[in-house]
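Chain residues, written in single-letter form:
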Amino acid sequence: MPIGRNYTGRWRLTPGRLLGIGFVRLYQIVFSPLVGGHCRHIPTCSEYAYEAVARHGLLRGGWLSARRVARCGPFGKAGLDPVPTECRRHRH
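These figures come from a predicted structure and were not determined experimentally.

A.B. asks: So what's going on with the nonpolar core? Residues and values would help.
C.D. replies: Formed by Y7, I21, V24, A49, Y50, V53 and A54, the largest nonpolar core amounts to seven residues. Counting residues per element, the ones that place at least two in this core are α1 (15–35) and α2 (45–56). Once residues within four sequence positions are removed from consideration, V24 is found in contact with S46, A49 and Y50.

Take a look at the structure:
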């Protein structure tokens, strides 16, 4: 994992990605300190969302992020949960 908080790889600068990354950064700067560091996953949900949107775009990355937050409930598992490098459109 990179030392920095967010994904440092290359990603296309599209309006949707910039909007999504902006929302994630706003959360990280304003709301995350109020919530506290209680995440059971590596990377944290906001880091996961940042990378998912950067890699896969606003819609697909947003969907991956929403699924990740849903797994963060009290009965979910903990541990390493990286962003998939490729997303499959259809499951066979």
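That shown, we press on.
A.B. asks: With reference to specific residues and values, describe the packing of α1 against α2.
C.D. replies: For the pair α1 and α2, interaxial distance at closest approach is 9 Å and the crossing angle is 170°. It follows from the interaxial angle that α1 and α2 lie roughly antiparallel. Across from R17, G20, I21, V24, R25, Y27 and Q28 in α1, the residues of α2 making contact are S46, E47, A49, Y50, V53, A54, R55 and H56. Considered class by class, the residues forming the contact of α1 with α2 number seven nonpolar, four polar and four charged.

A.B. asks: Account for the pattern of salt bridges, naming residues and giving values.
C.D. replies: Within this structure, the stated rule accounts for three salt bridges. For D81, the salt bridge identified is with R68, shortest N-O distance 3.6 Å. Of this pair, D81 sits in the segment after β2 (79–80) while R68 sits in helix α3 (residues 58–71), and the two are 13 residues apart along the sequence. An identical accessibility class is assigned to D81 and R68; each is buried. For D81, the salt bridge identified is with R71, shortest N-O distance 2.6 Å. Residue D81 is located in the segment after β2, and its partner R71 is located in helix α3; the two are separated by 10 residues in the primary sequence. Each member of the salt-bridge network shares a partner with another, and the members are R68, R71 and D81.

How each quantity is defined
Residues numbered from 1 in each chain as written. Predicted model: local features only at pLDDT ≥ 70, side-chain atom pairs only at ≥ 80, totals over all residues. Heavy atoms only, no water. Core = buried A, V, L, I, M, F, W, Y, C linked by side-chain atoms within 4.5 Å. Buried < 20%, exposed > 50% of the residue type's maximum accessible area, 1.4 Å probe, protein only. Helix = DSSP H or I, 4+ residues; strand = E, 2+ residues; numbered from the N terminus. Contact = heavy atoms within 4.5 Å. Axes fitted to C-alpha atoms, helices over the stretch in contact; angles between N-to-C directions. Parallel < 35°, antiparallel > 145°, perpendicular 65-115°, else oblique. Nonpolar A, V, L, I, M, F, W, Y, C, P; charged D, E, K, R; others polar. Salt bridge = Lys/Arg side-chain N within 4 Å of Asp/Glu carboxyl O.

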